[in-house]
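Each chain, written out:
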Amino acid sequence: MKKILYPALAACIFVSSAFVTISSVNDYVFKEDFTIAFKSKDPSGEFKKAKGTIKFDADDLSNSKFDISIDVNSINTGNSMQNKKAQTSEWFEASKFPTIKFVSTKVEKSGDAYSITGKLTMKGVTKEKKIPATVTKSGNDLTFSGKFTVNRIDYGVGHKSDAVPDIMNISYSIPVTSK
């Protein structure tokens, strides 16, 4: 009986382990010293409040995921009148759309650089966006950083104007720590 039971038990364990995927994807959360800035001829500034969760493993990008929310009310242009105007229905309409959201759908690597593709939502408009990133490691912490552009008109943020360019230059540095 033992001769039959042990091989059968070993076969069951082997077969069931084939269905279990072991992943070393790490969960990360934002550290407080992040920057998410926008720059143009006028206005320029940054968002002071953001949060997010990031699942990331450089060796398993298919299971990596970015879920980031930026608090629109935390906009800081250095000018309190511009900050208040940014909250109005013409611009971000913060009372109705309090967050800018990015949720990744794919993470890819080319050389030392990463490309994070996902859904960027601003003012109720969602569009696919590819965001370049570099990743630096310090102990168990990581920092994601990069630069990209966003056409604010595509998201209904403001209207065409000679005073404010359509294309906003975005730069970010997001240090994260393991949960």
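Residues numbered from 1 in each chain as written. Predicted model: local features only at pLDDT ≥ 70, side-chain atom pairs only at ≥ 80, totals over all residues. Heavy atoms only, no water.

K.L.:
Summarise the pattern of salt bridges; cite the residues concerned and give the values.
P.N.:
Per the counting criterion, the structure on display carries seven salt bridges. Residue Lys55 pairs with Asp27 through a salt bridge whose shortest N-O separation is 2.8 Å. Separated by 28 residues along the polypeptide, Lys55 in strand β4 (residues 50–56) and Asp27 in strand β1 (residues 26–30) bring together distant segments of the chain. You can call Asp27 partly exposed: its relative accessible area is 29%. In the salt-bridge network here, residues are joined through shared partners; they are Arg152, Lys160 and Asp166. (Salt bridge = Lys/Arg side-chain N within 4 Å of Asp/Glu carboxyl O. Helix = DSSP H or I, 4+ residues; strand = E, 2+ residues; numbered from the N terminus. Buried < 20%, exposed > 50% of the residue type's maximum accessible area, 1.4 Å probe, protein only.)

K.L.:
Explain the environment of Val107 to me, and be specific about the residues and the numbers.
P.N.:
With respect to the helices, strands and loops of the structure, Val107 is situated in strand β7 (residues 99–110). Apart from residues no more than four positions distant in its own chain, Val107 is found in contact with Leu61, Ser64, Phe66, Tyr114, Ser115 and Ile116. (Contact = heavy atoms within 4.5 Å.)

K.L.:
Explain the side chain of Ser40 to me, and be specific about the residues and the numbers.
P.N.:
Following the sequence through the fold, Ser40 ends up in the loop between β2 (35–39) and β3 (45–47). On the basis of relative accessibility, which here comes to 12%, the residue Ser40 falls in the buried class. What Ser40 contacts, discounting residues up to four positions off in sequence, is Pro165 and Met168.

K.L.:
Quick one: what's the story with unusual backbone geometry, residue by residue and with numbers?
P.N.:
The step from Asp42 to Pro43 runs through a cis peptide bond, and the omega angle for that step is 5°. Mapped onto the secondary structure, Pro43 falls in the loop between β2 and β3. With a phi angle near 50°, Glu93 is a residue other than glycine that sits in the positive phi range. A positive phi is found at Lys123, a non-glycine position, where the angle reads about 50°. When you line up the elements, Lys123 lands in the loop between β8 (113–122) and β9 (125–138).

K.L.:
Before we move on, could you go through the pairing of β8 and cite the residues and values that matter?
P.N.:
Across the ten residues of β8, seven count as buried, placing the element largely inside the fold. In terms of strand pairing, β7 meets β8 through nine bridges, oriented antiparallel. Within the sheet, the bridge partner assigned to Phe102 lies in β8 and is Leu120. Hairpin connection from β7 to β8: two residues lie between these consecutive antiparallel strands, with Gly111 at a positive phi of about 65°. In this structure, β8 lies alongside β9, joined through nine bridges in antiparallel fashion. Each bridged residue has a counterpart across the sheet, and for Met122 the counterpart in β9 is Val125. If you look at the hairpin formed by β8 and β9, you'll find two residues sitting between the two strands, and Lys123 has a positive phi there, around 50°. (Pairing = 2+ DSSP bridges.)

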